[in-house]
Amino acid sequence: MTTTEHITACPLDCPDTCTLSVTVTDGAVTAVDAAPGNPFTAGFICQKVKHQARRVHAPERIHTPMLRTGPKGSGSFRSISWDDALDLVEAQMRTAIAEHGAESIVPFLYNASAGTMQGELTERFFRRLGATEVDVTICALTHYLAYASIYGDMHSSDPFDLEHARLIVLWGANPNVTNTHLGPHIVNARRHGAKVVVVDPRRTAAAKRADAHLAVLPGTDVVLALAVTRELEVTGGIDAAFVAANVVGAEAYLDRARPWTLDRAAEVCGVSAEAIASLAHDLATIRPATIRPGWGLERNRNGGSACAAVMALPALTGQFGVPGAGLLVSLGTAAPLHPGRRPSEERHDPAPRHVNMNEVGRFLVDPAVSPPAKVLFVQGANPVVMNPNANAVIAGLARDDLFVVVHEQVMTDTAQWADLVLPAATHFEYDDLASSYGSFTMQPVRAVIPPVGEAISNHELAVRLAARFGFDGPRFPHDVDEFLASVVADGGDPAATRVLREPGTTVQFRDTAPPDGRARLDHVLAQGLPRYDAIDERFPLVLVTPASPKMINSIFGEFNEPDPTVRLHPDDADARGLVDGRAVTVRNDLGTVAAVVRVDPDQRPGVAAMTKGVWWRAMPDGVGVNVLVPDTLSDLGGGACFNDTRVEVEAR
Ligand SMILES: Nc1nc2c(c(=O)[nH]1)N[C@H]1C(S)=C(S)[C@@H](COP(=O)(O)OP(=O)(O)OC[C@H]3O[C@@H](n4cnc5c(=O)[nH]c(N)nc54)[C@H](O)[C@@H]3O)O[C@H]1N2
Ligand SMILES: Nc1nc2c(c(=O)[nH]1)N[C@H]1C(S)=C(S)[C@@H](COP(=O)(O)OP(=O)(O)OC[C@H]3O[C@@H](n4cnc5c(=O)[nH]c(N)nc54)[C@H](O)[C@@H]3O)O[C@H]1N2
Ligand SMILES: [Mo]
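Below or above, wherever it landed, is the structure these notes cover. Sequence order as written defines the numbering, with residues in each chain counted from 1. Following the order in which they are written, the chains are lettered starting with A and the ligands numbered starting with 1. Since the coordinates come from a predicted model, pLDDT governs what is reported: local features require at least 70, and pairs of side-chain atoms require 80 or more to be given and counted, while whole-chain, interface and lining totals use all residues. The side-chain quantities take in all heavy atoms of the structure and omit both hydrogens and water.

## A short note on the overall build of the protein
Consideration 1: Segments assigned H or I by DSSP are reported as helices when at least four residues long, segments assigned E as strands when at least two residues long, and all are numbered from the N terminus. Looking only at helices and strands, one finds 21 helices and 26 strands in the protein.
Consideration 2: Put simply, the radius of gyration uses C-alpha atoms, and a globule should come to 2.2 Å times the residue count raised to 0.38. Compactness check: the protein gives a C-alpha radius of gyration of 24 Å against a globular reference of 26 Å for 652 residues, within 12% of the reference.
Consideration 3: Its C-alpha atoms give the protein principal-axis dimensions of roughly 70 × 60 × 55 Å.
Consideration 4: Only protein chains enter the accessibility calculation, which uses a 1.4 Å probe; a residue is then buried when its area is under 20% of its type maximum, exposed when over 50%, and partly exposed in between. A burial count over the protein gives 61% of its 652 residues as buried.
Consideration 5: Computed with the Shrake-Rupley method and a 1.4 Å probe, the accessible areas treat only the protein chains shown as cover for residues. Put simply, the protein shows about 23,100 Å² of open surface, and 52% of that area lies on carbon and sulfur atoms.
Consideration 6: Distance between charge centres in the protein, computed from 57 positive and 77 negative side chains, equals 3 Å. In this tally Asp and Glu are treated as negative and Lys and Arg as positive; neither His nor the chain ends contributes. Charged side chains are reduced to one point each, which is NZ for Lys, CZ for Arg, CG for Asp and CD for Glu.

## A closer look at the packing of helix 9 (residues 221-234) against helix 14 (residues 303-316)
Consideration 1: Between helix 9 and helix 14, the shortest axis-to-axis distance is 7 Å and the interhelical angle comes to 25 degrees. Looking at the two axes, helix 9 sits roughly parallel to helix 14. Once helix 9 is placed against helix 14, the crossing between them reads as left-handed. Across the interface between the two elements, Asp221, Val222, Ala225, Leu226, Val228, Thr229 and Leu232 from helix 9 touch Ser305, Ala306, Ala309, Val310, Leu313 and Leu316 from helix 14. A fitted line through C-alpha atoms serves as each axis, taken over the contacting stretch for helices, and the angle formed by two N-to-C directions is quoted from 0 to 180°. An angle below 35 degrees is treated as roughly parallel, one above 145 as roughly antiparallel, one from 65 to 115 as roughly perpendicular, and anything else as oblique. Crossing handedness: left-handed means the near helix sits turned counterclockwise from the far one by under a right angle, and right-handed means the same turn made clockwise. In what follows, a contact means two residues having at least one pair of non-hydrogen atoms within 4.5 Å.

## Observations regarding helix 18 (residues 458-468)
Consideration 1: Within helix 18 the residues assigned to the buried category are Asn458, His459, Leu461, Ala462, Val463, Leu465 and Ala466.
Consideration 2: The inward-facing, buried residues of helix 18 contact helix 3 (82-100), helix 4 (116-129), strand 15 (375-379), strand 16 (403-408) and strand 17 (420-423).
Consideration 3: Directly after helix 18, the chain includes glycine 470, whose backbone phi takes a positive value near 80 degrees.

## Re the pattern of salt bridges
Consideration 1: By definition here, a salt bridge exists when the distance from a side-chain nitrogen of Lys or Arg to a carboxyl oxygen of Asp or Glu is within 4 Å. Taken as a whole and judged by the stated rule, the model has 36 salt bridges.
Consideration 2: A salt bridge links glutamate 429 to arginine 61, with the shortest nitrogen-to-oxygen separation between them at 3.0 Å. Taken together, the residues glutamate 429 in the loop between strand 17 and strand 18 (432-435) and arginine 61 in the loop between helix 2 (53-56) and strand 4 (66-68) connect sequence positions 368 residues apart.
Consideration 3: Through salt bridges with shared partners, one network takes in Asp87, Glu90, Arg94 and Arg468.

## Looking at the packing of aromatic side chains
Consideration 1: Two rings from Phe, Tyr or Trp (for Trp, the six-membered ring) form a pair when their centres are within 6.5 Å of each other. A pair whose planes differ by under 30 degrees is stacked, one over 60 is edge-to-face, and the rest are tilted. All told, the structure shown has 13 aromatic pairs when counted by the stated rule.
Consideration 2: Where phenylalanine 125 meets phenylalanine 126, the ring centres are 4.9 Å apart and the plane angle is 70 degrees; that geometry is what we call edge-to-face. The two residues phenylalanine 125 and phenylalanine 126 agree in class, both being buried.
Consideration 3: Counting every residue linked through ring pairs, the aromatic cluster contains Phe125, Phe126, Phe377, Phe469, Phe471 and Phe476.
Consideration 4: We call a charge positioned over a ring when the NZ of a Lys or the CZ of an Arg lies within 6 Å of the ring centre and within 35 degrees of the ring normal. In this structure, arginine 264 is placed above the aromatic ring of tryptophan 260, and the distance from its NZ or CZ to the ring centre is 4.0 Å.
Consideration 5: Directly above the aromatic system of tryptophan 82 lies the positively charged group of arginine 464, at a separation of 5.5 Å from the ring centroid.

## Notes on the nonpolar core
Consideration 1: Definition used in this section: a nonpolar core is a set of buried Ala, Val, Leu, Ile, Met, Phe, Trp, Tyr and Cys residues joined via side-chain atoms within 4.5 Å. One finds Tyr151, Val169, Trp171, Leu224, Ile276, Leu283 and Met311 to be the most contacted residues of the largest nonpolar core, which totals 63 residues.
Consideration 2: For this core, the element with the most residues is helix 14, which contributes 10 residues.
Consideration 3: Not counting chain neighbours up to four residues away, the residues in contact with leucine 224 comprise Trp171, Val199, Leu214, Val216, Cys269, Val271 and Ile276.
Consideration 4: Residues Val106, Leu541, Leu578 and Val614 belong to the second largest nonpolar core, which totals 57 residues.

## Concerning the site of ligand 1
Consideration 1: If you check the shell around ligand 1, you find 36 residues, and the closest are Asp200, Arg202, Asp221, Trp295 and Met551.
Consideration 2: Residues adjacent in sequence count toward polar contacts only when both atoms are side-chain atoms; beyond that, a polar contact is any pair of N or O atoms within 3.5 Å, and within protein one must be able to donate a hydrogen and the other to accept it. A distance of 2.7 Å separates an oxygen atom of ligand 1 from a polar atom in the side chain of arginine 202.
Consideration 3: Taking serine 548, its main chain carries an N or O atom lying 3.0 Å from a nitrogen atom of ligand 1.
Consideration 4: The fraction of the free accessible surface of ligand 1 (900 Å²) that becomes covered by protein chains is 98%.
Consideration 5: Residues are grouped as follows: Ala, Val, Leu, Ile, Met, Phe, Trp, Tyr, Cys and Pro are nonpolar; Asp, Glu, Lys and Arg are charged; every other residue, Gly included, is polar. Here the shell around ligand 1 is built from residues that sort into 18 nonpolar, 11 polar and seven charged. Any residue with a non-hydrogen atom lying within 4 Å of a molecule or strand is treated as near it.

## Thoughts on the side chain of aspartate 413
Consideration 1: Mapped onto the fold, aspartate 413 is located in the loop between strand 16 and strand 17.
Consideration 2: Among the polar contacts made by the side chain of aspartate 413, one reaches the main-chain amide nitrogen of tryptophan 616 at a distance of 2.7 Å.
Consideration 3: Aspartate 413 has contacts with Asn382, Val384, Val385, Trp615, Trp616 and Arg617, leaving out every residue within four places of it along the chain.

## Looking at the site of ligand 2
Consideration 1: Near ligand 2 there are 28 residues, and of these Arg55, Glu408, Asn458, Ser554 and Asn626 occur at the shortest range.
Consideration 2: A distance of 2.8 Å separates an oxygen atom of ligand 2 from a polar backbone atom of asparagine 382.
Consideration 3: One of the side-chain N or O atoms of threonine 545 is found 2.8 Å from a nitrogen atom in ligand 2.
Consideration 4: Contact with the protein chains hides 97% of the accessible area of ligand 2, taken as 910 Å² for the molecule alone.

## What to know about the sheet that holds strand 3 (residues 28-34)
Consideration 1: A pair of strands is treated as paired once DSSP finds two or more bridges between them. The three strands lie next to each other as 1-2-3, forming an open sheet whose pairing is antiparallel. Both edges of this open sheet fall to strand 1 (3-9) and strand 3, since each of them pairs with a single strand only. Averaged over all neighbouring strand pairs, the angle between strand axes comes to 25 degrees, with direction disregarded.
Consideration 2: Where strand 1 meets strand 2 (residues 19-25), seven bridges bridge the pair, whose relative direction is antiparallel. Considered in strand 2, the bridge of threonine 4 is made with valine 24.

## Overview of the environment of valine 649
Consideration 1: Here valine 649 lies in strand 26 (residues 645-651).
Consideration 2: Look at valine 649 and you get buried, because its relative accessible area is 1%.
Consideration 3: Sequence separation between valine 649 and proline 540 is 109 residues; the distance between their C-alpha atoms is 9.1 Å.

## Structural notes on the packing of helix 9 against helix 11 (residues 250-257)
Consideration 1: At a minimum axis distance of 8 Å, the contact between helix 9 and helix 11 shows a crossing angle of 115 degrees. The angle between the axes of helix 9 and helix 11 places the two elements in the roughly perpendicular class. Here helix 9 and helix 11 pass one another in a crossing that is left-handed. Here Leu226, Thr229, Arg230 and Glu233 of helix 9 lie close against helix 11, whose contacting residues are Tyr253, Leu254, Arg256 and Ala257.
Consideration 2: Counted by class, the contact of helix 9 with helix 11 contains four nonpolar, one polar and three charged residues.

In structure tokens:
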């Protein structure tokens with residue numbers, strides 16, 4: 001028996017990006033734990049990745065290319081060779097191009113849980129081909145665009161500065177589950193006397209410990225933030241000197257807030273006028289204050305308005321310029337390798353059509369779409385479980401005239417619908433880089449075991465596909481070093497591999513500032529924001545779908561205990577005659593899902609919750625929650641509206 005220890009990094013879609021110590025015994029991953037050296041993640045890692053060997057060496061793992069043998073969606077496949085599989089993919093693509101043009105090829109690529117190079121190379125291939133571009137709108141775009149419209153490419157504040165904060169506002173963020181290494185920084189700040197306020201429809205673990213909890217109705221944060229803004233103005237809480245020197249458009253912006261009196265806002269948001277006034281008072285008087293806007297508040301029709309109105313608060317109160325002040329947002333764009341920071345060389349002329357990722361189901365089933373989609377290539381994504389309007393996604397995947405390729409690690413609910421499944425490597429099986437969106441770090445990812453079965457990485461697959469279409473050269477690199485060279489050629493930072501964290505790197509308006517030194521509230525107004533679209537009442541309950549501590553999106557759902565429950569406040573359960581454990585249907589005009597009631601006083605009245613990412617096969621009737629999620633779009637960037645779902649819950 002040989003045992004070796006390896007240091008690598010976790011690229012899964014989580015802000016922390018832990019440095020890992022991996023034990024390998026006879027070629028298999030046998031233990032995963034925290035490695036020292038990373039100041040943000042040393043000490044502990046999550047339970048999920050600790051047990052990641054259960055995915056790497058899982059019964060659900062796909063070992064070879066698999067060709068469909070039964071009807072679509074039946075999950076019947078037979079093994080075929082890689083040569084045959086790639087011959088088939090190439091032939092399908094060539095036929096599609098010849099008959100309908102390259103836009104009839106639709107790559108559905110997300111890859112947020114893969115390394116940087118894994119995420120980028122398949123995109124290069126499909127861009128070079130001139131395929132349809134599926135815009136990545138499913139997560140964080142609305143939030144990002146709100147921030148960027150006010151602060152440009154100014155960096156987030158540094159989580160290490162949180163200990164200096166005397167007020168921390170967690171607004172639509174649940175770091176105990178989604179960003180666990182931020183927790184100790186919050187605890188540390190509290191030890192130094194910080195007050196913590198949580199704005200979340202649910203009484204989360206952080207809300208239970210907080211000094212104040214505003215259980216806002218989902219989708220009404222813009223009203224809450226504007227009422228806080230108005231109250232700040234009325235009580236003299238606006239920092240006039242800071243605003244005069246650093247904020248553009250404040251007067252016109254304040255005018256948007258003036259109609260939102262405490263009483264009006266209290267009624268819309270479902271929180272007390274006193275709680276709103278108190279939050280305004282805290283923001284005006286407690287310094288320094290850090291606001292952590294999560295992603296919960298972006299996922300509805302008013303999401304862009306909500307994010308912008310929350311993010312404007314530190315500018316209006318002058319809460320910038322010292323450690324512990326400002327906004328803690330995604331650090332993803334801080335990484336010098338971030339593709340968003342450089343143009344892509346693979347620009348196609350003419351520019352191909354774009355499809356919003358949230359609307360892919362609708363796009364696939366719409367007979368008017370021209371050219372029609374003929375080849376769908378899914379990689380690093382599980383749209384049956386994770387996309388809005390999942391019934392439309394399935395109807396699209398079920399089309400007889402659409403060839404569906406899914407490159408996956410395990411037999412997901414999406415892979416079941418494929419014509420051809422290609423086996424994908426995990427991050428223990430490839431070399432790459434991982435940049436964090438929760439700390440200023442970038443790290444190498446290392447292959448610690450050989451690929452399981454015949455799995456190959458996205459990188460390897462992209463290079464093989466590219467070669468078949470005659471694309472090669474520096475844009476299709478053979479290793480990480482060549483990839484970095486191509487990134488530099490693309491305008492990336494040559495120092496890309498260096499670890500970014502240096503003491504005192506980032507405090508807004510001191511070490512970094514917006515491009516012209518000003519917070520641009522005029523840019524928010526120019527986009528017609530902030531505004532509040534009232535919420536229709538056809539179905540009485542709002543259904544939110546927060547992240548689970550057991551999965552990363554749907555990853556690990558194949559072995560971690562599923563949660564087929566719908567959580568209801570006791571009043572909502574009583575009103576429907578439902579007791580804990582009762583089998584129910586959750587339904588709206590889009591679909592029906594069978595679930596089990598969990599009566600939970602941590603829910604607020606009027607708001608139900610189900611877990612995001614639960615596998616369909618774990619649900620009582622084999623149907624997942626996203627059939628209920630509308631494919632309507634947010635007011636900024638066309639973002640997803642997961643938390644805008646309206647439902648009724650009934651006994652079965
Ligand atoms: N363990 C784990 N960690 C994860 C993930 C995971 O699946 N599991 N996913 C990763 C990904 S992809 C992302 S994007 C992040 C997400 O990170 P977070 O944004 O922290 O997580 P969410 O659970 O999406 O939403 C946060 C909170 O928003 C609340 N919320 C819902 N609607 C509203 C609203 O309208 N207003 C307000 N104020 N709050 C609302 C929810 O109740 C929830 O508690 O987490 C990442 N980390
Ligand atoms: N109801 C509801 N739905 C939501 C949300 C919500 O709040 N509510 N949140 C949304 C959010 S925040 C996000 S980010 C999206 C996430 O949506 P997805 O990214 O579609 O969800 P994941 O479950 O992370 O699926 C990623 C898949 O990629 C595979 N994978 C991982 N690494 C690799 C790799 O290197 N190569 C290949 N080929 N495959 C790989 C994994 O096995 C996994 O099946 O979902 C959204 N869906
Ligand atoms: Mo996400």
